[in-house]
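Residues per chain, in single letters:
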Amino acid sequence: MSEQPTKVTIDVWSDVMCPWCVIGTRQLQKALDELDGEIEAEVRFRPFELNPDMPPEGEEQAAHIQRKYGRPAAESADVRDRLKGFGDRVGYSFAYEGEGEAPQAMMWNTFLAHKLLYWALRAGGPEVQGKLKRAMFDAHFQQRRNMADPEVLVELAESVGLPRLGAAQALLDEQVGKSVRHEEATAWDMNITGVPAMVVNGRALIPGAQEPETYVNVLRKVVAKEAAQAG
């Protein structure tokens, strides 16, 4: 009889506004594909706001980067080109793919998005939550939609099979908001100060967007260590 794959949980702290989170999650998926039959992972997305003080009307992306990081326009363009290259390498386009002229690239407040993701995990499970997270990435980076707009968020939830009414109620639910704040505080307690940050089985932290082989190696080490401790 063949051995069953070892099950692990991976908590991914990330933000919808974070392009490196797109890259990191895609690299993680490549690692999990390589480990198919050896390790089976339950991936859960956790909230981290890069800009918790972002106003509801958002901020133009280039102006935001210049204000927050003090980067001149030329340097910001270089960073965008670098991200495009990374995106091409992992098979993700950060370019606008909608119809007509591209809307202005914006940064949005993502607290409502995190509320919806928190609820989606409980309403639909990790697989559905993952689909919603990817739909949010696409909506922000490829479609340039307003990710602080409840109507947009509800539409995205419905697109991955979640009930529209439940999604709308979750966005208004104060208890869901408190739970999101609690998980954000947990990240700080774990010294997570940037994203993506992935925590395997609640113990092994993998910071930043890594190469697939890095994720493979860490997952194997965690499984081997836990097996040795159990034995």
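Look above for the structure.
A few points on the structure. (Residues numbered from 1 in each chain as written. Predicted model: local features only at pLDDT ≥ 70, side-chain atom pairs only at ≥ 80, totals over all residues. Heavy atoms only, no water.)

Counted according to the given criterion, the structure contains five aromatic pairs. Between Tyr92 and Phe94, the aromatic rings sit 5.2 Å apart at their centres with planes inclined by 65°, giving edge-to-face as the arrangement. The exposure class assigned to Tyr92 is buried, which follows from its relative accessible area of 6%. Exposure remark for Phe94: the relative accessible area of 18% places this residue in the buried category. An aromatic cluster is defined as three or more aromatic residues linked by ring pairs; in this entry it consists of Tyr92, Phe94, Phe137 and Phe141. The positively charged end of Arg122 is found above the aromatic ring belonging to Tyr118, 3.6 Å away from the centroid. (Phe/Tyr/Trp six-rings, centres within 6.5 Å; stacked < 30°, edge-to-face > 60°. Buried < 20%, exposed > 50% of the residue type's maximum accessible area, 1.4 Å probe, protein only. Lys NZ or Arg CZ within 6 Å of the ring centre and 35° of its normal.)

Another aspect to go through is the packing of helix 4 (residues 111-142) against helix 5 (residues 150-159). The interhelical angle for the contact between helix 4 and helix 5, taken along N-to-C directions, is 110°, at an axis separation of 9 Å. Taken together, the axes of helix 4 and helix 5 lie roughly perpendicular to each other. Between helix 4 and helix 5 the crossing geometry is right-handed. Contacts from Leu112, Ala113, Leu116, Leu132, Ala135, Met136 and Ala139 of helix 4 reach helix 5 at Pro150, Leu153, Leu156 and Ala157. A breakdown of the residues in the contact of helix 4 with helix 5 according to their chemical character gives eleven nonpolar, no polar and no charged. (Axes fitted to C-alpha atoms, helices over the stretch in contact; angles between N-to-C directions. Helix = DSSP H or I, 4+ residues; strand = E, 2+ residues; numbered from the N terminus. Parallel < 35°, antiparallel > 145°, perpendicular 65-115°, else oblique. Left-handed = near helix turned anticlockwise from the far one by under 90°. Contact = heavy atoms within 4.5 Å. Nonpolar A, V, L, I, M, F, W, Y, C, P; charged D, E, K, R; others polar.)

With that settled, the discussion passes to the sheet that holds strand 6 (residues 204-207). The sheet built from four strands is open, its strands ordered 2-1-5-6 with mixed pairing. The open sheet has two edge strands, strand 2 (39-47) and strand 6, and neither has a second partner. Within this sheet the neighbouring strands show an average axis-to-axis angle of 25°, counted without direction. Taken together, the nine bridges between strand 1 (residues 6-14) and strand 2 define a ladder with parallel strand orientation. Bridge assignment links Trp13 to a residue of strand 2, and that residue is Arg46. Docked against the sheet, helix 4 engages strand 1 and strand 2, running at close to 155° with respect to strand 2. (Pairing = 2+ DSSP bridges.)

Bringing unusual backbone geometry into the picture now. Glycine aside, a negative phi is what most residues show, and trans is what most peptide bonds show. Omega for the bond connecting Val195 with Pro196 falls within 30 degrees of zero, at 5°, which places this linkage in the cis form. Here Pro196 shows up in the loop between helix 7 (174-189) and strand 5 (197-200). Positive phi outside glycine occurs at Asn191, with the angle close to 65°. Mapping Asn191 onto the fold places it in the loop between helix 7 and strand 5. Judged by its relative accessible area of 63%, Asn191 falls in the exposed class. One non-glycine residue, Asn201, lies in positive phi territory at about 50°. Assignment of secondary structure puts Asn201 in the loop between strand 5 and strand 6.

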